[in-house]
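Coordinate analysis (summary)
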Amino acid sequence: MTNRKQHIADVALQLFGDKGFENTSTQLIAKAAGVSEALIFKHFGSKDQLLEFVIRNGYKRIIEDNRGGLAEADPLAFIYSVIELPFKLVQAEPHFWKLQYRLADSDMARQQHERFMKPVPSLLREAFKKLDYADPDKETELLLLLVEALWKQEATKTEDHGREMLDFIKGKYAQQ
């Protein structure tokens, strides 16, 4: 991939995250990236294909950066790493997660997110079983709901006590 293509994708990610996909024209991307609009179409074909590239590329980066995170053998440490995930991911890629939040209704974005999260529920269930929780399935479901809420809160920065809440939730599991 050319540096120019990646530069266009990086600029598009930032603009899509800040302004939304619908409110970001290819003309605006071209101007911000310092390239011609024709070059965007040459590299990506369309604005929709550019978005798809940005999403797929983002998840690819995130998976590579967090490869070892799901390998935690200690069950409580694994649960803590899942609780920390929204905070850690949004800190590393704020524009990407803001964009993902904005694309909640997009099938393509949702499919990529589900693919990314796919191994987590079964690993969480196993962790809760090892810790002798009475209902590992319900605990997994609850924790995933909490993680989803924390992720949305962190991605949109509607509340500024995300770190506090993470520590509070971790404390709940430590008391089990």
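Residues numbered from 1 in each chain as written. Predicted model: local features only at pLDDT ≥ 70, side-chain atom pairs only at ≥ 80, totals over all residues. Heavy atoms only, no water.

1. Quick word on the nonpolar core
If you look at the biggest cluster of nonpolar residues, it comprises 51 residues, and the most contacted ones within it are Ile8, Ile29, Leu50, Trp97 and Leu143. It is helix 5 (residues 75-92) that contributes the most residues to this core, eight residues altogether. Counting the residues that make up this core, at least three belong to each of domain 1 (4-51) and domain 2 (68-174). When sequence neighbours within four positions are dropped, the list of residues in contact with Ile29 reads Ile8, Val11, Ala12, Leu15, Phe16, Thr24, Ile40 and Leu50. (Core = buried A, V, L, I, M, F, W, Y, C linked by side-chain atoms within 4.5 Å. Buried < 20%, exposed > 50% of the residue type's maximum accessible area, 1.4 Å probe, protein only. Helix = DSSP H or I, 4+ residues; strand = E, 2+ residues; numbered from the N terminus. Domains from an automatic or database assignment. Contact = heavy atoms within 4.5 Å.)

2. A short note on the domain arrangement of the protein
Taken domain by domain, the protein consists of domain 1 (4-51) and domain 2 (68-174). Relative placement of domain 1 and domain 2: their C-alpha centres are 30 Å apart. Surface buried jointly by domain 1 and domain 2 totals about 730 Å² across both partners, of which 68% is contributed by carbon and sulfur atoms. Counting the surface domain 1 buries against domain 2, the share from its top three residues, Leu13, Gly17 and Leu51, is 58%. On the surface where domain 1 and domain 2 come into contact, there are one salt bridge. Counting across the interface, domain 1 meets domain 2 through three residue pairs in polar contact (both at pLDDT 80 or more). It is helix 1 (residues 3-19) that contributes the most residues to the side of domain 1 that touches domain 2, six residues altogether. Each residue belonging to the side of domain 1 that touches domain 2 can be placed in one class, and the counts come to four nonpolar, three polar and two charged. (Buried area = accessible area lost by both parts, 1.4 Å probe. Salt bridge = Lys/Arg side-chain N within 4 Å of Asp/Glu carboxyl O. Polar contact = N/O pair within 3.5 Å; in protein donor to acceptor, adjacent residues only side chain to side chain. Nonpolar A, V, L, I, M, F, W, Y, C, P; charged D, E, K, R; others polar.)

3. Digging into the UniProt feature "domain: HTH tetR-type" (unreviewed entry) in the protein
Here the UniProt-annotated "domain: HTH tetR-type" (unreviewed entry) positions come out as residues 2-62. Each end of residues 2-62 is marked by a C-alpha atom, and these two atoms are 20 Å apart; helix forms 80% of the span and strand 0%. (UniProt positions renumbered as here; feature names shortened; annotations may be inferred.)

4. Observations concerning the pattern of salt bridges
One pass over the full model with this rule turns up seven salt bridges. Glu52 is paired through a salt bridge with Arg56; the nearest N and O atoms lie 2.9 Å apart. Pair noted here: Glu52 and Arg56 are both in helix 4 (residues 47-65), with a separation of four residues, about one helical turn. A relative accessible area of 39% places Arg56 in the partly exposed class. We note a salt bridge from Lys129 to Glu126, for which the minimum N-O separation is 3.6 Å. A residue pair is termed a helical-turn pair when its members lie 3 or 4 positions apart in one helix, as Lys129 and Glu126 do in helix 8 (residues 120-130) at three residues. For Lys129, a relative accessible area of 45% gives the class partly exposed.

5. Here we look at helix 8
All of the buried residues in helix 8 are Val120, Leu124, Ala127 and Phe128. Here the buried residues of helix 8 occupy an arc of 95° about the axis, which is enough to place them on one side. Asp132 occupies a position one or two residues after helix 8 and carries a positive phi of about 60°. (Arc of directions from axis to C-beta.)

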